[in-house]
Amino acid sequence: SEQAFNQGVAEVDAALELGSELTLSVTLAGAPGGYLDISLEGERGLLFCPGGPAGSHDNLRDAIIAAEGDPTVFFCVGDFAIDTVRIDRPLTLRALNSGMATLRDADPNPRGQGGRPALIIDGVPSGTVRIADLNFVIGGSAVYAGGYRTGNLLGTWDQIEIDSVHIRARTPGSAQSFTIRPFPSSVPTARMEVSNSVFEDVFIGVFALARGVNVRS
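Residues numbered from 1 in each chain as written. Predicted model: local features only at pLDDT ≥ 70, side-chain atom pairs only at ≥ 80, totals over all residues. Heavy atoms only, no water.

Another point: the packing of aromatic side chains. As enumerated under the stated definition, the model contains seven aromatic pairs in all. Centroid distance Phe75 to Phe80: 6.3 Å. Interplanar angle 50°. Geometry classified as tilted. Of the two residues, Phe75 and Phe80, both sit in the buried class. Among the aromatic residues, ring-to-ring pairing joins Phe48, Phe75 and Phe80 into one connected group. (Phe/Tyr/Trp six-rings, centres within 6.5 Å; stacked < 30°, edge-to-face > 60°. Buried < 20%, exposed > 50% of the residue type's maximum accessible area, 1.4 Å probe, protein only.)

What follows is about the sheet that holds strand 13 (residues 178–182). Pairing in this open sheet of five strands is parallel, and the strands run 4-7-10-13-16 from one edge to the other. Taken across any chain shown, the strands that pair with only one partner, and hence form the sheet edges, are strand 4 (85–87) and strand 16 (204–206). Neighbour to neighbour, the strand axes of the sheet diverge by 20° on average, direction disregarded. (Pairing = 2+ DSSP bridges. Helix = DSSP H or I, 4+ residues; strand = E, 2+ residues; numbered from the N terminus. Axes fitted to C-alpha atoms, helices over the stretch in contact; angles between N-to-C directions.)

A separate point is the state of the cysteines. Taken as a whole, this structure holds one disulfide when the rule is applied. Linked covalently through their sulfurs, Cys49 and Cys76 form a disulfide whose S-S length is 2.3 Å. Its S-S torsion of about 85° marks the bond between Cys49 and Cys76 as right-handed, since a negative value means left-handed. Of the two residues, Cys49 sits in the loop between strand 1 (45–48) and helix 2 (60–66) while Cys76 sits in the loop between strand 2 (72–75) and strand 3 (78–82), which places them 27 residues apart along the sequence. Of the two residues, Cys49 and Cys76, neither departs from the other in class, the shared state being buried. (Disulfide = S-S within 2.5 Å.)

We now examine unusual backbone geometry. The phi dihedral of Asp133 is positive, around 65°, even though this residue is not glycine. Tracing the chain through its elements places Asp133 in the loop between strand 8 (128–132) and strand 9 (135–138). According to the relative accessible area criterion, Asp133 is buried, its value standing at 12%. Of note, Asn196 is a non-glycine position whose phi angle comes to about 55°, a positive value. Mapped onto the elements of the fold, Asn196 is located in the loop between strand 14 (191–195) and strand 15 (198–200). Classification of Asn196 as partly exposed rests on a relative accessible area of 43%.

Our focus in this paragraph is the nonpolar core. Membership of the largest hydrophobic core comes to 47 residues, with the highest contact counts inside it found for Leu119, Ile121 and Phe136. Among residues more than four places away in sequence, those in contact with Phe136 are Leu103, Leu119, Ile131, Ala142, Val143, Val165, His166, Ile167 and Arg168. (Core = buried A, V, L, I, M, F, W, Y, C linked by side-chain atoms within 4.5 Å. Contact = heavy atoms within 4.5 Å.)

For strand 5 (residues 91–95), the buried fraction is high: four of the five residues fall into the buried class. Pairing of strand 2 with strand 5, which is carried by four bridges, proceeds in the parallel orientation. Its bridge partner being in strand 5, Thr72 is matched across the sheet by Thr92. In this structure, strand 5 lies alongside strand 8, joined through four bridges in parallel fashion. Its bridge partner being in strand 8, Arg94 is matched across the sheet by Ala132.

Take the confidence of the model for the protein chain next. Residues at a pLDDT of 70 or more form 81% of the protein chain, whose mean pLDDT is 85. A low-confidence stretch, residues 1–5 (pLDDT under 50), is modelled with twelve contacts involving residues beyond four sequence positions or located in other chains. (pLDDT = per-residue confidence, 0-100.)

And the structure:
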């Protein structure tokens with residue numbers, strides 16, 4: 001405990017990539033009978049990292065399918081083309097190292113509202129989808145919530161949190177960049193929260209056709 005150790009260190013936080021090691025060297029300087037209590041806490045998750053270490057996923061959709069029980073899918077450091085990847089369960093997508101993973105929509109000729117999004121959120125009747133600490137470079141759309149090309153824009157999503165993302169237009173000022181697009185949900189309490197995020201050179205940052213969308217800095 002901090003009182004027994006008496007060195008003013010209550011905890012040490014360290015992020016580890018899959019397969020890496022961390023060494024903690026400690027010198028116990030307390031009086032005889034003193035002790036050091038060490039506990040480890042980890043965040044359950046999966047790693048999306050094409051060509052990465054054993055246990056990581058090369059395909060983002062495969063990582064999402066493997067995600068059970070509201071885990072986190074981490075993105076390793078890199079630049080990734082993401083094309084209409086469906087998120088259909090509660091989970092978190094985030095960079096393993098904040099701001100060091102970039103997602104690019106793969107639509108070569110986005111057509112504004114008709115362009116292919118990088119991520120689609122649909123089929124989530126309860127629970128939270130959270131997207132955090134990622135960069136996007138977008139020609140059309142980064143995140144689409146709702147029924148995509150189903151003939152009905154109504155989708156199924158509950159709670160969406162988009163936090164600390166940086167979205168930049170592939171072509172500065174392009175009229176095709178409708179970056180976050182929430183459409184109506186069949187869930188009455190559906191809500192999207194966009195916070196602490198930066199939109200750079202985009203035409204429309206959040207194009208909301210759904211109720212319950214809140215954007216704050």
